[in-house]
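Descriptive analysis of the structure
Here is what each chain is made of, one letter per residue.
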Amino acid sequence: MINNPEIEILDTTLRDGAQGEGINFSLQDKIAVLKTLDELGAAWIEAGNPGSNPKDMEFFHLAGDQKLEHSRLCAFGSTRKKNVKPADDDQLLRLLEAGTEAVAIVGKSWDLHVREVLRVSNEENLAMISDTVSFLKDKKKLVFFDAEHFFDGWIDDPEYAVAALKAAAGAGADRIVLCDTNGGAYPQLIEKSVRAVAAALGLPQTPPVPAQQSVPFLGIHAHNDTDLAIANTLAAVNAGCLHVQGTLAGFGERCGNTCLASLIPTLQLKFGRRCLPDGKLELITAQTRKLAEIANVALNTNMPYVGRHAFSHKGGMHADGILKNRRTFEHVDPSLVGNDRHFLVSEVGGRSAIAERARKIDPSITKESPVTAALAEKLKSMEAEGWAFEGADASFEILVRRSLGRIKELFKIEAYRVVSEHPTGETIACSHAWVKVLVEDSHEIAAAEGNGPVHAMDSALRRALKHFFPELEQVRLSDYKVRVIDGLAATASKVRVLITSSDGKQSWTTVGVSGDILEASRIALTDSIEYKLITDMERRLGLRAAS
């Protein structure tokens with residue numbers, strides 16, 4: 001069911017977001033993004049420019065068969081070419097062919113661009129805007145007019161910038177979207193100009209969004225080149241914009257677009273301006289992470305609201321305060337945005353954080369328990385040697401289990417050998433690993449080849465164990481990091497290895513430390529496999545929630 005929230009959200013991940021460096025969506029990716037945004041409840045999804053490339057047009061044909069529950073599609077294009085009638089403009093005809101309910105039309109509102117880019121007269125540019133909007137309205141389309149470079153135009157020639165908006169509004173545009181295309185505006189400028197525009201055009205500045213979609217109102221489209229996109233968007237909303245454009249994960253040209261994953265919770269939780277259908281805000285963390293997976297981009301772990309560290313607490317005072325009253329060190333409840341509170345264990349983390357994490361294994365543990373004190377001392381000792389558990393939850397859980405005597409040794413590596421070959425010529429270098437494991441009373445020996453020593457060892461170890469534990473077939477090493485702990489010792493320094501593994505449903509990170517990089521890797525790999533086997537066993541027994 002589609003409803004009309006107080007602030008209308010248009011997500012342009014599939015158009016503006018796809019122009020970000022390193023973002024390359026396949027046709028299947030685009031469909032997956034469409035479903036992800038619809039599940040979240042974005043009012044509009046700007047899904048590409050059908051006049052720019054065949055893939056976008058093919059997408060619109062496929063998207064027409066998708067049953068969207070909350071979102072509607074919008075195709076993107078530009079005003080007619082100079083000296084060409086709209087009915088003869090190929091890209092406008094392709095916009096119509098896309099078959100979307102709405103179309104977004106970008107037009108020039110900065111006279112610099114009119115002169116230097118379009119190279120037409122100011123009057124011709126206004127005619128291009130008016131003609132295009134009229135043509136599309138005659139075709140029964142909702143028209144969103146994106147006033148490109150509006151705020152730069154407002155600074156240089158406010159009268160002409162407003163004239164461009166009036167040309168669109170007079171032709172029947174349903175949204176007048178003010179674009180900070182260069183991302184160089186700031187909140188005071190945004191708010192002042194939006195208020196002036198609303199007054200000049202007589203557009204509504206108060207909620208709710210009109211139920212009749214034909215009633216025009218103002219929108220904002222900001223870029224993040226001065227790290228002010230969210231602040232600028234909030235200023236625009238405060239001044240009367242009811243339509244907001246951005247990309248869920250902040251993808252976009254240069255420094256990106258307004259990040260909706262940060263903006264939407266702020267608007268809803270701080271300002272009481274509903275952007276999503278009821279019950280959808282709690283999906284925003286999962287949907288943002290899903291979108292990043294589709295794009296094959298690692299999200300910044302420090303992203304507000306949805307980042308893995310958004311509600312992480314490391315300092316002992318912070319952890320202790322949170323456990324007494326969450327408001328002491330959290331500005332919102334993480335569950336409101338579908339995220340989790342996370343206590344980081346370290347030598348500065350304090351006993352409260354350690355006890356909270358250990359309670360997942362033994363609910364009777366408290367801050368005052370002897371095991372908590374012992375774990376705190378052990379952590380301090382290990383971290384002095386270079387260990388770090390704050391990013392290695394799985395290894396910390398293994399450590400707690402060993403301290404409590406609640407871990408069964410499921411396998412033992414009795415011996416291993418790794419050899420790397422670096423032949424001359426064009427032959428690619430490779431590594432070979434040999435591993436001997438003991439499972440209960442049975443030995444298994446396996447060998448494997450890899451494109452590096454750790455890859456080879458990981459493959460050999462899982463090959464040796466899969467006869468006993470077939471679930472390891474699904475496990476893969478998804479990330480591998482090495483850090484030299486003390487550079488003063490040069491090549492004799494200890495190294496810390498962090499390994500992230502995944503079985504396609506969950507991921508977990510383990511750590512190993514040694515003066516030998518292979519031994520550090522072996523420690524982390526062993527913990528990783530033990531964690532997988534233990535958690536699977538507990539899920540089968542109903543002792544741990546499913547992923």
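Everything in this summary refers to the structure shown in the same document.

Conventions used here
Residues numbered from 1 in each chain as written. Predicted model: local features only at pLDDT ≥ 70, side-chain atom pairs only at ≥ 80, totals over all residues. Heavy atoms only, no water. Core = buried A, V, L, I, M, F, W, Y, C linked by side-chain atoms within 4.5 Å. Buried < 20%, exposed > 50% of the residue type's maximum accessible area, 1.4 Å probe, protein only. Contact = heavy atoms within 4.5 Å. Helix = DSSP H or I, 4+ residues; strand = E, 2+ residues; numbered from the N terminus. Polar contact = N/O pair within 3.5 Å; in protein donor to acceptor, adjacent residues only side chain to side chain. Expected span 1.5 Å × (residues − 1). Arc of directions from axis to C-beta. Pairing = 2+ DSSP bridges. Axes fitted to C-alpha atoms, helices over the stretch in contact; angles between N-to-C directions. Disulfide = S-S within 2.5 Å. Parallel < 35°, antiparallel > 145°, perpendicular 65-115°, else oblique. Left-handed = near helix turned anticlockwise from the far one by under 90°. Nonpolar A, V, L, I, M, F, W, Y, C, P; charged D, E, K, R; others polar.

With respect to the nonpolar core
Generally speaking, soluble globular proteins have nonpolar side chains that are buried together. Ranked by size, the top nonpolar core spans 85 residues in total, and within it F59, F150, F151, L165, I176, V194 and V197 carry the most contacts. When sequence neighbours within four positions are dropped, the list of residues in contact with V197 reads F150, W154, V162, L165, L178 and L218. Counting 32 residues, the second largest nonpolar core, distinct from the first, contains L461, V497, L518 and I534.

As for the side chain of S502
Among the secondary structure elements, S502 is positioned in strand β15 (residues 495-502). Ignoring sequence-local partners within four residues, the contact set of S502 consists of Q474, V475, R476, S478, S507 and W508.

A word on the environment of D156
In this fold, D156 is placed in helix α6 (residues 150-156). For the pair D156 and E421, spaced 265 residues apart in the sequence, the C-alpha separation amounts to 65 Å. If sequence neighbours within four positions are ignored, D156 has contacts with W110 and D111. A polar atom in the side chain of D156 sits 2.9 Å from the side chain of W110.

Focus on the side chain of T500
Mapped onto the elements, T500 comes out in strand β15. By relative accessible area, T500 is classed as buried at 17%.

Some words on helix α8 (residues 187-201)
Each full turn of the α-helix corresponds to 3.6 residues, which orients residues three or four apart in the same direction. In this model, α8 (15 residues) spans 21 Å end to end at C-alpha, consistent with the 21 Å of a helix rising 1.5 Å per residue. Of all the positions in α8, only L189, I190, S193, V194, V197, A198 and L201 are classed as buried. Down the axis of α8, the sector holding all buried residues measures 150°, keeping them to one side. Opposite the buried face of α8, at more than 90 degrees from it, the exposed residues are Q188, K192 and A199. Buried residues belonging to α8 abut α6, α7 (158-170), β6 (175-180), β7 (217-222) and α9 (229-239). Once α8 finishes, G202 follows within two positions and takes phi at roughly 65°, a positive value.

Re the sheet that holds strand β14 (residues 476-484)
The strand order β14-β15-β16 describes an open sheet built from three strands, whose pairing is antiparallel. At either end of the open sheet lies a strand with only one pairing partner, and these are β14 and β16 (507-514). In this sheet, neighbouring strand axes are inclined to one another by 20° on average, regardless of whether the strands run parallel or antiparallel. Relative to β16, helix α17 (residues 517-540) is tilted by about 145°, and along the sheet it contacts β14, β15 and β16.

What to know about the state of the cysteines
Tallied over the full model, the rule gives zero disulfides. Of all cysteine sulfurs, the one in C179 lies closest to C74, which takes part in no disulfide; the gap is 12 Å. A disulfide-free cysteine, C255 has its sulfur positioned 14 Å from the sulfur of C259, the nearest such atom.

Topic: the packing of α7 against α8
Where α7 contacts α8, the axes come no closer than 11 Å and their chain directions differ by 45°. On the basis of their axis angle, the class for α7 and α8 is oblique. Relative to α8, α7 is oriented so that their crossing is right-handed. Listed contacts from α8 to V162, L165 and K166 of α7 are V197, A200 and L201. Split into classes, the residues belonging to the contact of α7 with α8 amount to five nonpolar, no polar and one charged.

Interpretation in functional terms is not warranted from these geometric data alone.
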